[in-house]
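So you can see what is in the structure, the chains are spelled out below.
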Amino acid sequence: MAILGRKGDTGADRELVEAHKLITQNEVEQIRQSLIEEHADLVVRGMLDRDVRTKLEKIVMKDYRMVTKGNPDVVRYIVRETIGTGVIEEILQDESITDIGYNGNELIIETNDQKRIFDTDVEVTDTYIIRLVNKFANANDRDFTSKNPIFDGRFENIRINAVHTQNTAPESGTTMALRVVRPRLALTEDNFGAFAPPFMKDFFRFAALSKANMVISGTTGTGKTELHKFISSYIPFDHRIILIEDTPETFMKTMFPDKDIFSWVTNDDVSVTELIKAGLRSHPVWMMVTETRGQEAYEMIQTVLSGHSIITSLHATDARAIPARFVNMAKMGYQVDEDSLTRDIRTYFDLGIHIKKVVYHGRVIRYLSEIIGFHPEGDLTIFKQRFVDGHFEYETFDLPESYLTRLEDEMLDVREMNFPTNIKEERPLPEAEVTSYQTVIPLVKKDSGSGVMNKINDLKSSVFNKSEPEDDDLEEPDVNVTFQEEPEDAQEEILTEDVEQEGEPKNVGLKSKLFGKHKASEEEPDDAQEETSTRDTEQEDKPKKSGLKAKLFGKRKAVEEEPPTQDDTDGSDTMARNISSNVVDMIKAKQNKG
């Protein structure tokens, strides 16, 4: 819909014209470039915040009044063109989206539980992606060009990495990976059952209250940060937290205003190691690094040895790999005795927690895989869980003596933890809690055939809502449902058509096309009494789907395939009219027969 401007400043008869006709594209481009250079941070924030857009509009109204003539519609048009209203900006408005990627050819979006190609009628071009990346680059005082082809930056709750087409393969274009993190808890007490058995909530609560040293491991995207936040929710105000991140993504200070949190972020001049050293002088109880990646691992070990508690995460194949990963990262900046450092980790670290994710029926299921207690003589399994075809298999073991001692030192009664030791059980995947924890993508491309479906559904309702007989009295009329006249002795034939489209097989039934599923037709012998042109796929624990006549009369009856005329495939209105005509014929035949 066009934005309208007002032509003329006075008079009752104001002529409404399109805003872009009141200003030249050259003027718009000059103002756009000026805003990007002088207010880059506002331009990026404006993609996510309507209040920031309003602020930019005030700036344009004040600084460019001569060009805009004070017209608010023209001002809004300029801001819209500057910030952009492209598909990615629209996707960012959906709070279920966590990742947006462009692989040079396709736009891919992710939520907590799905990853898919984003279907859109809007063309996403290389130029558009470069323009988007440059907004973030300008906000970081950087350039993204063929001379500076790699950009890695962040802005508020968005982290972005991009590689210019200058350094991509010939068949590709500019690539981009954008992650947006929002101040909310994805893992909560209400949906915890999709992650682990309910009794594990108390286990993590006691771990937080006892100030246990915990390391969370897993591959990318398993939910390490979400578990970190969940455990931190149980830490009391009395226990000061030093939180160190390279990208603000936990928003713990926003979500837990009742806690004493020092929230720090690294930059090019200040490293994690330096912030850890500074944190130790701030009288903390907890030292938290959201993700340990390098030599700061050594400082984390020293933090534990100095009597402070830690929660951090790292990438590892399983919980038992955590000590080796810590030692190898510590060696990046220090010369260490590996055996001595490994012994320190197994002696003074308490819990190793591993998370996994699997794709099940198109959804990503994240779950607690294993918890171990570190021990100098060998790590001890406390809990382990597997996900197998729709259900969880889990097993518990004895709590380590060292961990029981920690609970006792903090005056916590282990009996109140209600941790069932030495059990082996199964539990189903709780669908309701999965829906809550793993959000479903609401962005679905509109089906081009939706108009046909709406007409058909309206037609069926209008026909049968008038005088629909009881099911017991309903008899199926002996009529031919076809697009063409047939001999009187013809067998009942199903309504199908041969459709030849690029990338699609021939003989796609019209019935299947209308009702959203393509099913292959199969030829039958000439002497068959009743023939079917489609065979519904029989899925596990699901009945076969009924044909078109069954949808109309409540019974399934197979009939013979017959190709339609060309006019029948020309559009939704033509197909709806054809079906309308045949349904009317069928009703008349039923009434005559009655």
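Here goes a summary of the coordinates provided. (Residues numbered from 1 in each chain as written. Predicted model: local features only at pLDDT ≥ 70, side-chain atom pairs only at ≥ 80, totals over all residues. Heavy atoms only, no water.)

### Concerning the overall build of the protein chain
Thinking step 1. When helices and strands are counted, the protein chain shows 20 helices and 18 strands.
Thinking step 2. Here the protein chain, with 594 residues, has 45% of them falling under the buried criterion.
Thinking step 3. For the protein chain, the proportion of contacts with a sequence separation of at least 24, taken over those separated by at least 6, is 60%.
Thinking step 4. Split by element, the accessible area of the protein chain, about 31500 Å² in all, is 45% carbon and sulfur. (Helix = DSSP H or I, 4+ residues; strand = E, 2+ residues; numbered from the N terminus. Buried < 20%, exposed > 50% of the residue type's maximum accessible area, 1.4 Å probe, protein only. Contact = heavy atoms within 4.5 Å. Areas by Shrake-Rupley, 256 points an atom, 1.4 Å probe, with all protein chains shown as cover.)

### A short note on the sheet that holds strand 12 (residues 286-289)
Thinking step 1. The 10 strands are arranged 11-10-12-13-9-14-15-16-17-18 in an open sheet whose pairing can be described as mixed. Where the open sheet ends on each side, the last strands, each with one partner, are strand 11 (261-265) and strand 18 (424-428). Adjacent strand axes in the sheet meet at a mean angle of 15°, parallel and antiparallel pairs treated alike.
Thinking step 2. As defined by bridge partners, strand 15 (residues 363-373) adjoins strand 16 (residues 380-388) across 4 bridges and the pair is classed as antiparallel. Counterpart to Ile-371 in the pairing with strand 16 is Phe-383.
Thinking step 3. Relative to strand 15, helix 8 (residues 199-209) is tilted by about 55°, and along the sheet it contacts strand 9 (214-217), strand 12, strand 14 (351-360), strand 15, strand 16 and strand 17 (391-396). (Pairing = 2+ DSSP bridges. Axes fitted to C-alpha atoms, helices over the stretch in contact; angles between N-to-C directions.)

### Focus on the side chain of Ser-232
Thinking step 1. When you line up the elements, Ser-232 lands in helix 9 (residues 224-232).
Thinking step 2. Within the structure, the side chain of Ser-232 is placed 2.8 Å from the backbone oxygen of His-228, a separation counted as a polar contact.
Thinking step 3. Beyond its immediate chain neighbours, meaning those up to four positions away, Ser-232 contacts Met-252, Lys-259, Met-288 and Ile-311. (Polar contact = N/O pair within 3.5 Å; in protein donor to acceptor, adjacent residues only side chain to side chain.)

### Observations regarding the pattern of salt bridges
Thinking step 1. Under the criterion given, the structure shown has 15 salt bridges.
Thinking step 2. A salt bridge links Glu-226 to Lys-229; the nearest nitrogen and oxygen atoms lie 3.1 Å apart. Of this pair, Glu-226 and Lys-229 both sit in helix 9, separated by 3 residues, roughly a single helical turn.
Thinking step 3. As a salt-bridge pair, Glu-338 and Lys-331 come within 2.6 Å of each other at their nearest N and O atoms.
Thinking step 4. Several salt bridges share partner residues, and in doing so they unite Asp-246, Glu-291 and Arg-293 into one network. (Salt bridge = Lys/Arg side-chain N within 4 Å of Asp/Glu carboxyl O.)

### Let's talk about the nonpolar core
Thinking step 1. Within the largest apolar cluster, 45 residues are counted, with the highest numbers of intra-cluster contacts made by Ile-88, Ile-100, Leu-107, Phe-136 and Met-176.
Thinking step 2. For this core, the element with the most residues is helix 7 (residues 126-139), which contributes 7 residues.
Thinking step 3. The residues touching Phe-136, leaving out its near neighbours within four places in the chain, are Val-44, Met-47, Phe-151, Phe-155, Ile-158, Ile-160 and Leu-178.
Thinking step 4. Ala-212, Leu-227, Leu-351 and Leu-407 belong to the second-largest nonpolar core, a separate cluster that totals 42 residues. (Core = buried A, V, L, I, M, F, W, Y, C linked by side-chain atoms within 4.5 Å.)

### Let's talk about the side chain of Thr-222
Thinking step 1. On the secondary structure map, Thr-222 appears in the loop between strand 9 and helix 9.
Thinking step 2. Separated by 2.9 Å, the side chain of Thr-222 and the backbone oxygen of Thr-219 make a polar contact.
Thinking step 3. Non-local contacts of Thr-222, meaning those with residues more than four positions away in its chain, are made with Ile-355, Lys-356, Lys-357 and Arg-366.

### Some points on the sheet that holds strand 4 (residues 107-110)
Thinking step 1. Across the sheet, 6 strands lie side by side as 5-4-3-8-7-6; this open sheet has antiparallel pairing. The open sheet terminates on both sides in strands that have one partner only, identified here as strand 5 (115-117) and strand 6 (150-155). The average angle at which neighbouring strand axes cross in this sheet is 10°, direction not considered.
Thinking step 2. The sheet contact formed by strand 6 and strand 7 (residues 158-163) spans 6 bridges and is antiparallel. By the bridge assignment for strand 7, Arg-154 is matched with Arg-159.
Thinking step 3. The strands that helix 7 touches are strand 3 (99-102), strand 6, strand 7 and strand 8 (175-180); relative to strand 6, the one it contacts most, it runs at about 60°.

### Here we look at the pairing of strand 14
Thinking step 1. Summarising the sheet, strand 9 and strand 14 pair through 4 bridges and their orientation is parallel. Bridge pairing in strand 14 links Met-214 to Leu-351.
Thinking step 2. As judged from the 10 bridges shared by strand 14 and strand 15, these two strands associate in the antiparallel manner. Within the sheet, the bridge partner assigned to Tyr-360 lies in strand 15 and is Arg-363.

### Thoughts on the packing of aromatic side chains
Aromatic rings in a pair are described by how distant their centres are and how their planes are angled relative to each other.
Thinking step 1. Scanning all chains against the criterion turns up 18 aromatic pairs.
Thinking step 2. Between Phe-192 and Phe-204, the ring centres sit 6.4 Å apart and the planes meet at 75°, which makes this aromatic pair edge-to-face. Taken together, the residues Phe-192 in the loop between strand 8 and helix 8 and Phe-204 in helix 8 connect sequence positions 12 residues apart.
Thinking step 3. Exposure remark for Phe-204: the relative accessible area of 0% places this residue in the buried category.
Thinking step 4. Every member of this aromatic cluster is reached through a ring pair, and the members are Phe-192, Phe-195, Phe-199, Phe-203, Phe-204, Phe-230, Tyr-234, Phe-383, Tyr-394, Tyr-403 and Phe-419. (Phe/Tyr/Trp six-rings, centres within 6.5 Å; stacked < 30°, edge-to-face > 60°.)

### Topic: the packing of helix 8 against helix 9
Between two packed helices, the angle of one axis relative to the other and the distance separating the axes together describe the packing.
Thinking step 1. Where helix 8 meets helix 9, the closest approach of the two axes is 9 Å, and the angle between their N-to-C directions is 70°. Comparing the axis directions of helix 8 and helix 9 gives the class roughly perpendicular. Two secondary-structure elements touch here, helix 8 through Lys-201, Phe-204 and Ala-208 and helix 9 through Leu-227, Phe-230 and Ile-231. (Parallel < 35°, antiparallel > 145°, perpendicular 65-115°, else oblique.)

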